[in-house]
Amino acid sequence: MSVPTLPPHGGDRVIAFIDFVKSLRWPAVVVLLLVLLLDPIRTTIEALHGDGAGVVRLGDIPLRVTPHTLPAPNPEVARAVAAMDADVLRTFLDMDQNAIYCGSLDAEYRAGMRRLAHLGLVEARSDPSRPGDCRDYAVMTELGKRVETYLISVMVGMLKG
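Remember, it's a predicted structure, so these values are computed and weren't measured experimentally. (Residues numbered from 1 in each chain as written. Predicted model: local features only at pLDDT ≥ 70, side-chain atom pairs only at ≥ 80, totals over all residues. Heavy atoms only, no water.)

> Looking at this structure, how should I read the pattern of salt bridges?
Under the criterion given, the structure shown has four salt bridges. Across the salt bridge formed by Glu76 and Arg146, the nearest N and O atoms sit 2.4 Å from each other. Of the two residues, Glu76 is situated in helix α3 (residues 75-83) and Arg146 in helix α6 (residues 142-160); the sequence distance between them amounts to 70 residues. Residue classification places Arg146 among the partly exposed residues on the basis of a relative accessible area of 36%. Among the salt bridges present, the one from Glu142 reaches Lys145, with a minimum N-O distance of 3.5 Å. One end of the pair is Glu142 and the other is Lys145, both in helix α6 and three residues apart, which spans about a single turn. (Salt bridge = Lys/Arg side-chain N within 4 Å of Asp/Glu carboxyl O. Helix = DSSP H or I, 4+ residues; strand = E, 2+ residues; numbered from the N terminus. Buried < 20%, exposed > 50% of the residue type's maximum accessible area, 1.4 Å probe, protein only.)

> Can you help me understand the confidence of the model for the chain in this one?
Detailed reading of the predicted coordinates is not advisable wherever pLDDT is low. Of all residues in the chain, 74% have pLDDT values of 70 or greater, and the mean over the chain is 75. Highest mean pLDDT in the chain belongs to α3 (89); lowest belongs to strand β1 (residues 55-58) (68). (pLDDT = per-residue confidence, 0-100.)

> Would you take a moment to explain α6 for this structure?
The terminal C-alpha atoms of α6 lie 27 Å apart, and with 19 residues this matches the ideal 27 Å at 1.5 Å per residue to within 8%. Listed as buried for α6 are Leu143, Gly144, Val147, Glu148, Tyr150, Leu151, Val154 and Gly157. (Expected span 1.5 Å × (residues − 1).)

> I keep staring at the nonpolar core and nothing clicks. Help me out?
Nonpolar side chains in soluble globular proteins generally cluster together in the buried interior. Met84, Phe92, Met95, Leu116, Leu121 and Val147 are the most contacted members of the largest nonpolar core, which has 18 residues in total. Those elements giving two or more residues to this core turn out to be α3, α4 (86-93), α5 (107-118), β4 (136-140) and α6. It is α6 that contributes the most residues to this core, five residues altogether. In contact with Met84, other than residues within four places in its own chain, are Leu89, Phe92, Leu116, Leu119, Leu121, Val147 and Leu151. (Core = buried A, V, L, I, M, F, W, Y, C linked by side-chain atoms within 4.5 Å. Contact = heavy atoms within 4.5 Å.)

Listed below in structure tokens is the structure:
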């Protein structure tokens, strides 16, 4: 036979209330975190799904990342850019389209130039009539110039939208 439960009285009510509050602890924390993080979560989801705004902030700099506003590369430029890692890209962006690179370059820069030559973005040349340390030199190829122009237009497009 079961004994009917009586509503809590006095101290039992306090204990029941404390147990009830304890049971709400984790749901309250989750709701609080959701409220605090709602705006960053919404911004991230909008940026990932391309809602049309497509603006991501890098510190104080807004970057527009909507694909339809950025220039589309031709396949040759796309392959060259995809093949570059951060170090080679940094070396490449340090270059000038019309400069001649010769002389005593540090080993890391020479390695980057070799990788750029392998990608067809710079071309090694030799001219015996040039002074000693500039007989062997490198210049940017036409493909390299197109890649550099493309990368600059992407950066400008992202910054100015």
